[in-house]
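Close look at the chain arrangement
The residues making up each chain are set out below.
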Amino acid sequence: MPTLSKLYSMQEASEHNTKDDCWVVIDGKVYDVTTYLDEHPGGDDVVLAATGKDATEEFEDAGHSESAKELMETFCIGELDTTFIPQLEISSKKQTDYAQKLMDLTKQYWVVPVAVVSVSVVLGFLYLRKK
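Let me sum up the structure you'll find in this document. (Residues numbered from 1 in each chain as written. Predicted model: local features only at pLDDT ≥ 70, side-chain atom pairs only at ≥ 80, totals over all residues. Heavy atoms only, no water.)

What to know about the pattern of salt bridges
Pairing between side chains becomes possible if they bear opposite charge and their charged atoms approach one another. The tally for this structure, following the rule as stated, stands at 6 salt bridges. Across the salt bridge formed by E73 and K29, the nearest N and O atoms sit 3.3 Å from each other. Taken together, the residues E73 in helix α4 (residues 66-73) and K29 in strand β4 (residues 29-32) connect sequence positions 44 residues apart. On the basis of relative accessibility, which here comes to 38%, the residue E73 falls in the partly exposed class. Note that K53 and E58 form a salt bridge whose closest N and O atoms lie 2.9 Å from each other. With a relative accessible area of 35%, K53 lands in the partly exposed category. Each of K19, D38 and D44 takes part in one network of salt bridges that share partners. (Salt bridge = Lys/Arg side-chain N within 4 Å of Asp/Glu carboxyl O. Helix = DSSP H or I, 4+ residues; strand = E, 2+ residues; numbered from the N terminus. Buried < 20%, exposed > 50% of the residue type's maximum accessible area, 1.4 Å probe, protein only.)

A look at the packing of aromatic side chains
By the definition in use, this model includes 2 aromatic pairs. Seen from their ring centres, Y8 and W23 are 4.9 Å apart, and the 70° between their planes marks the pair as edge-to-face. You can see Y8 sitting in strand β1 (residues 7-8) and its partner W23 sitting in strand β3 (residues 21-26), a full 15 residues away along the chain. For the pair formed by Y8 and W23, the shared burial category is buried. Considering the side-chain rings of Y36 and F75, the 5.5 Å spacing of their centres and the 45° angle between planes classify their relative orientation as tilted. Here the residue Y36 occupies a position in the loop between β4 and α2 (44-48), and F75 occupies one in the loop between α4 and β5 (76-80), the gap between them amounting to 39 residues. Residue F75 is classed as buried on the basis of its relative accessible area, which comes to 15%. The lysine or arginine in question, K6, covers the ring of Y8, its NZ or CZ lying 5.2 Å from the ring centre. (Phe/Tyr/Trp six-rings, centres within 6.5 Å; stacked < 30°, edge-to-face > 60°. Lys NZ or Arg CZ within 6 Å of the ring centre and 35° of its normal.)

What follows is the structure, encoded as structure tokens:
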């Protein structure tokens, strides 16, 4: 039977990013490494730099030993909730830029059909006048 573990969002895990409260996310698991910071051979600044994101690549690149990986499991407090999709925050400047681009495109693509219709009406009027 699978063990149920607590799920944490990346946003929640990233809020724990200080020396007094430090969580890291590695391979889809969330670790509270606060008590280990002073003992970390690479220094606490290396671990603190890995907060707020998936630190799997950094962890693997450091070449941790099997014993380090086993020790890390003792700090596991849950898993990353992969079903949570954060909403994208769009700044008002980006919204304005997008709106302006949309208006420019709208102007660009409605002008041609209106010009064609206008020319057709004028030519039709001139044609009818000659008759």
